[in-house]
Amino acid sequence: MKTARVSIFKTALVLSLLSLSTLEVRAAEVRQPVHVYFFTGGFIDVFSRETVKKIKTKTENIGRDLEIPVKFERHWFTNWRSVSKKIQADRSKAKVVLLGHSWGAAGAVHLARDLDKKHVPVDLLVTIDTVSVPGASQASTIPANVRVNYNFYEGSDLFLHGLRNNKRKGSSSVDGIHNVKVLVGPTFSPHMTIDDKIEPLVSCQIKLLMLDQLDQLNIPDQLDKKHLAERIAALEEGLSTD
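Residues numbered from 1 in each chain as written. Predicted model: local features only at pLDDT ≥ 70, side-chain atom pairs only at ≥ 80, totals over all residues. Heavy atoms only, no water.

### Concerning the overall build of the protein
The condition is simple: For the purposes of this entry, the term helix denotes a DSSP run of H or I that reaches at least four residues, the term strand denotes a run of E that reaches at least two, and both are numbered from the N terminus. Type-normalised accessible area, obtained with a 1.4 Å probe on protein chains alone, sets the label of each residue: buried when under 20%, exposed when over 50%, and partly exposed for intermediate values. In this description, contact between two residues means that some pair of their heavy atoms is separated by no more than 4.5 Å. For every accessible area listed, the method is Shrake-Rupley and the probe measures 1.4 Å; residues are considered covered only by the protein chains on display.
Within the protein, the secondary structure is distributed over seven helices and nine strands. Out of the 242 residues in the protein, the part that is buried amounts to 45%. Of all intrachain contacts in the protein linking residues separated by at least 6 positions in sequence, the fraction that spans at least 24 positions is 77%. Here the protein displays about 13,100 Å² of accessible surface, and carbon together with sulfur accounts for 56% of that area.

Put into structure tokens, the structure is as follows:
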């Protein structure tokens, strides 16, 4: 009788451990990896270094805090084809985030279009003052595989003007697309500084994506310096409690 009770206890203990293991596996499955690719512009690859560094550091720290695997890569806009092949070959089922400034934003859009041909989803595309690459067009045309596109642009630079009217491929629809004008204030070249000005906002967007709360973000279609600072402060405060 005693032997039977011990056997029953052991069986129950094993089943409990198996149940816990199953729960742990399911929890791990929920923590979907996030892969972020930032594309820089310019005639030479020397721009947006500080912006990239800030977003990379914050994203990796958020990943550690949330126990979410994060991969962050920085590329010059000319490398979008090789990055596309890398993403297509990836089997981690990671959320894909594409970021870009100037020609880098155009490169990110062309990459998204290439991934669309292979039915690879892009969870978040952030285009910052997009400038079309010479010889290429449709940098403001967003393919259907992009779930959310935030297009930040300024309109006061004397030399470089970002594309301001992103829309869906093959239509005038802006479903899932947010075109936001950013007034960065007096500066020699707003185009050269807009990426750093909105970096905290972009970092918050990535965290919201990790938390599956990106659809709750509400940004007006124009932000001046004051409202941008207020919106960033509110987001950072709200996310710090999550």
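So that's the structure; there's more coming.
### What to know about the sheet that holds strand β3 (residues 95-101)
Put simply, the rule is: Pairing between two strands is assigned when DSSP locates at least 2 bridges connecting them. Angles here are taken between N-to-C directions and fall from 0 to 180 degrees, while the axes themselves are lines fitted to C-alpha atoms, restricted in helices to the stretch in contact.
The sheet built from seven strands is open, its strands ordered β2-β1-β3-β4-β6-β8-β9 with parallel pairing. For this open sheet the edge positions go to β2 (70-76) and β9 (222-223), each flanked by a neighbour on one side alone. Two strands pair when backbone bridges link them, and strand β1 (residues 34-40) and β3 are joined in this way by six bridges, in the parallel orientation. What sits directly across from Val36, in β3, is Val97. Across the sheet, helix α2 (residues 49-66) is in contact with β1, β2 and β3; its angle to β2 comes to roughly 170°. Where helix α5 (residues 190-197) meets the sheet, its contacts fall on β3, β4 (124-128), β6 (149-153) and β8 (177-182), and the angle it forms with β3 comes to roughly 150°.

### Topic: the nonpolar core
Applied cut-off: Definition used in this section: a nonpolar core is a set of buried Ala, Val, Leu, Ile, Met, Phe, Trp, Tyr and Cys residues joined via side-chain atoms within 4.5 Å.
One finds Leu99 and Phe152 to be the most contacted residues of the largest nonpolar core, which totals 36 residues. Where this core is concerned, the elements lending two or more residues are β1, α2, β3, β4, β6, β8, α6 (199-210) and α7 (225-240). Considering every element that reaches this core, the biggest residue donor is α6, with seven residues. Membership of the second largest hydrophobic core comes to 18 residues, among which are Val96, Ala112, Val146 and Ile177.

### Some details on α2
Defined as follows: Here, expected helix span is obtained from the residue count minus one, scaled by 1.5 Å.
Helix length check: α2, at 18 residues, gives a terminal C-alpha distance of 26 Å against a target of 26 Å (1.5 Å per residue), a fit within 8%. As for α2, its buried residues are in contact with β1, β2, β3, α5 and α6. Looking one or two residues past α2, Glu67 carries a phi angle of roughly 55°, positive in sign.

### Observations regarding the pattern of salt bridges
We apply this condition: A carboxyl oxygen of Asp or Glu within 4 Å of a side-chain nitrogen of Lys or Arg is what we treat as a salt bridge.
Applying the stated criterion across every chain yields a total of nine salt bridges. Here Arg74 makes a salt bridge to Asp45, at a shortest N to O gap of 2.7 Å. Linking Arg74 in strand β2 with Asp45 in the loop between β1 and α2, this pair joins segments that are 29 residues apart in sequence. Judged by its relative accessible area of 22%, Asp45 is partly exposed. Three or more residues joined by partner-sharing salt bridges are found here, namely Lys71, Glu73 and Lys86.

### Digging into the packing of aromatic side chains
A ring pair, where both rings are aromatic, is described by two values, the distance of the centres and the angle of the planes. Using the following cut-off: The aromatic pairing rule takes the rings of Phe, Tyr and Trp, using the six-membered ring of Trp, and pairs them if the centres are within 6.5 Å, calling planes under 30 degrees apart stacked, those over 60 edge-to-face and the rest tilted.
Counting across every chain of the model gives four aromatic pairs. Pairing Trp76 with Phe77 gives two aromatic rings, centres 5.5 Å apart and planes at 80°, and the pair type is edge-to-face. Of the residues examined, Trp76 reaches a relative accessible area of 24% and is grouped as partly exposed. On the accessibility criterion, Phe77 (9% relative accessible area) is buried. Cluster of aromatic residues (ring-pair linked, three or more members): Phe43, Trp76, Phe77 and Trp103.

### A word on the packing of helix α3 (residues 80-89) against helix α4 (residues 103-117)
How we decide: Small angles under 35 degrees read as roughly parallel and large ones over 145 as roughly antiparallel, with 65 to 115 read as roughly perpendicular and the rest as oblique. Handedness of a helix crossing follows the sense of rotation of the near helix relative to the far helix, less than a right angle counterclockwise being left-handed and clockwise being right-handed. Note that Gly is not counted as nonpolar here; it falls among the polar residues with everything else outside the nonpolar set of Ala, Val, Leu, Ile, Met, Phe, Trp, Tyr, Cys and Pro and the charged set of Asp, Glu, Lys and Arg.
Where α3 contacts α4, the axes come no closer than 9 Å and their chain directions differ by 40°. Classified by the angle their axes make, α3 and α4 are oblique. The interaxial crossing formed by α3 with α4 has right-handed handedness. Counting all contacts with α3, which are made through Trp80, Val83, Ser84, Ile87 and Gln88, the residues of α4 involved are Gly107, His110, Leu111, Asp114 and Leu115. Class assignment for the residues of the contact of α3 with α4 results in five nonpolar, four polar and one charged.

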